[in-house]
Amino acid sequence: MISDMDGSKVYTVTRLTKEIRFLLEEEFDDIHVEGEISNLSTPASGHAYFSLKDENGMLRCVLFKSSGARLKFALEDGMQVVCGGRVSVYDKQGQYQLYVSTVEPRGKGALYAAFEKLKAKLAEEGLFDEEHKKLIPFLPVRIGVVTSGTGAAIRDILKVVRRRYANIEVTICPVQVQGDKAKHEIAAAIEDMNSYNEYLAETGSKEHPIDVIISGRGGGSLEDLWAFNEEMVARAIFASNIPVISAVGHEIDFTISDFVADHRAATPSAAAELVIPEKDELVARVDSYTERLQTAMISKLDILQTRLKGLRDSYILREPVNVVLQMEQQVDELVRRARTRVSHCVEIQKGRFGMLSGKLGTLNPLSVLNRGYSITFNDGKVVKDAEKVSSGDMLLTKLAAGEVSSRVE
């Protein structure tokens, strides 16, 4: 700052800009501004530049990459938001602007908006469809657990295992369950367990594979549970060849993991109880099956014994030779009856044949010749009228014995 001849203050542009910046930063160090996003620009640097506007004004805003990475939803033009941050001046343009550190959609929390957006996206892709759900094994030999190695969730699961069926193996993959690294570690742990099973299959190992995965944590706020709402975790669960139970410690609300998992349990303890049948219950069930099997076997034996007794008391087993002789006698009787019937049928047919033969002889025109008659033919036709022949016709006269040829003169 300098003074002119009459003693008034004269600022350089740089000096005035700095003074204004100082005043603005001191006065508006931590504020929240509501408005509609417009002129949104996201260059390769990863920073976001936009304006907040209402009916009568506009405010330039900048959201640096480091702050933008913490947002749970994507900024869009036309979105009504509340931005938190500080007001300062961009020296090169002499323009004041809001340096944004937080963004909340107006009317809904940022986390809720992100949750609904991702849920709609994955549902449209079919990640929640029932046709993709895998069955939970009835009695797993080995359970994989993806959770904090020191949290209450793992203690609750192990307690259930010891109480219900201590022989079941538990493979724990400790991960962070909240914070920026949590989603990466949870997704990687699920993928590693699947890779482990593939390795056992490829090497022909006798070690039992992981039958089911429990992924979750104890209760907490929506922010605490957010790792289980991440797209990366959802896709890892969906891609898993091992059935996955989502066991995030909340009973009312759902996470994205709950929707995509093969089964949802309200708590880690509930998940353990779901996959680990109580030993006493199994023993009772086996006893019941054994009793039912014994009853069925006794019933079958009784039926067989009754049948054997009937066979033992039957005439065929007591006098088998007599039975054979009786059957031979029955065969002889059948043969005799058949012969009698055949003979009877032959005699009847003979009588009918003789009667028909006699009738045929009576009707035979040639039999008349034996009594001294003859038949004369002219050109193959019987001559019945002398007027029907002409001089020179050759006639053939058939006698009882032989034929005579003649010519008409």
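Further up the page is the structure itself.
Cut-offs applied
- Residues numbered from 1 in each chain as written.
- Predicted model: local features only at pLDDT ≥ 70, side-chain atom pairs only at ≥ 80, totals over all residues.
- Heavy atoms only, no water.
- Pairing = 2+ DSSP bridges.
- Helix = DSSP H or I, 4+ residues; strand = E, 2+ residues; numbered from the N terminus.
- Expected span 1.5 Å × (residues − 1).
- Buried < 20%, exposed > 50% of the residue type's maximum accessible area, 1.4 Å probe, protein only.
- Arc of directions from axis to C-beta.
- Contact = heavy atoms within 4.5 Å.
- Core = buried A, V, L, I, M, F, W, Y, C linked by side-chain atoms within 4.5 Å.

**Topic: the sheet that holds strand E11 (residues 244–248)**
Across the sheet, which stays open at both edges, the five strands sit in the order E9-E8-E10-E11-E12 with parallel pairing between neighbours. Edge strands, defined here as strands with exactly one partner in the open sheet, are strand E9 (169–174) and strand E12 (263–264). Bridging between E11 and E12 involves two bridges; their strand directions are parallel. Each residue of the ladder has a partner; that of Ser-246, found in E12, is Arg-264.

**What to know about helix H5 (residues 182–203)**
Note: α-helices contain 3.6 residues per turn, so residues at a spacing of three or four share the same orientation. If you check H5, its first and last C-alpha atoms are 31 Å apart, about what 22 residues at 1.5 Å a residue would give, namely 32 Å. Among all positions in H5, only Ala-182, Ile-186, Ala-187, Ala-189, Ile-190, Met-193, Asn-194, Asn-197 and Leu-200 are buried. Axial view of H5: buried residues confined to an arc of 160 degrees, hence all on one face. Of the surrounding elements, those touching the buried residues of H5 are strand E8 (142–147), E9, strand E10 (212–217) and helix H6 (231–239).

**Considering the nonpolar core**
Grouped together as the largest cluster of nonpolar side chains are 52 residues, with contacts concentrated most on Phe-50, Leu-52, Leu-75 and Leu-98. Sort the elements by how many residues they give to this core and H5 lands first, with six residues. Contacts of Leu-75, omitting those with residues within four sequence positions, involve Ile-37, Leu-40, Ala-48, Phe-50, Leu-63 and Val-103. Among the nonpolar cores identified, the runner-up in size contains 17 residues, and Ile-157, Ile-168, Ile-214 and Val-275 belong to it.

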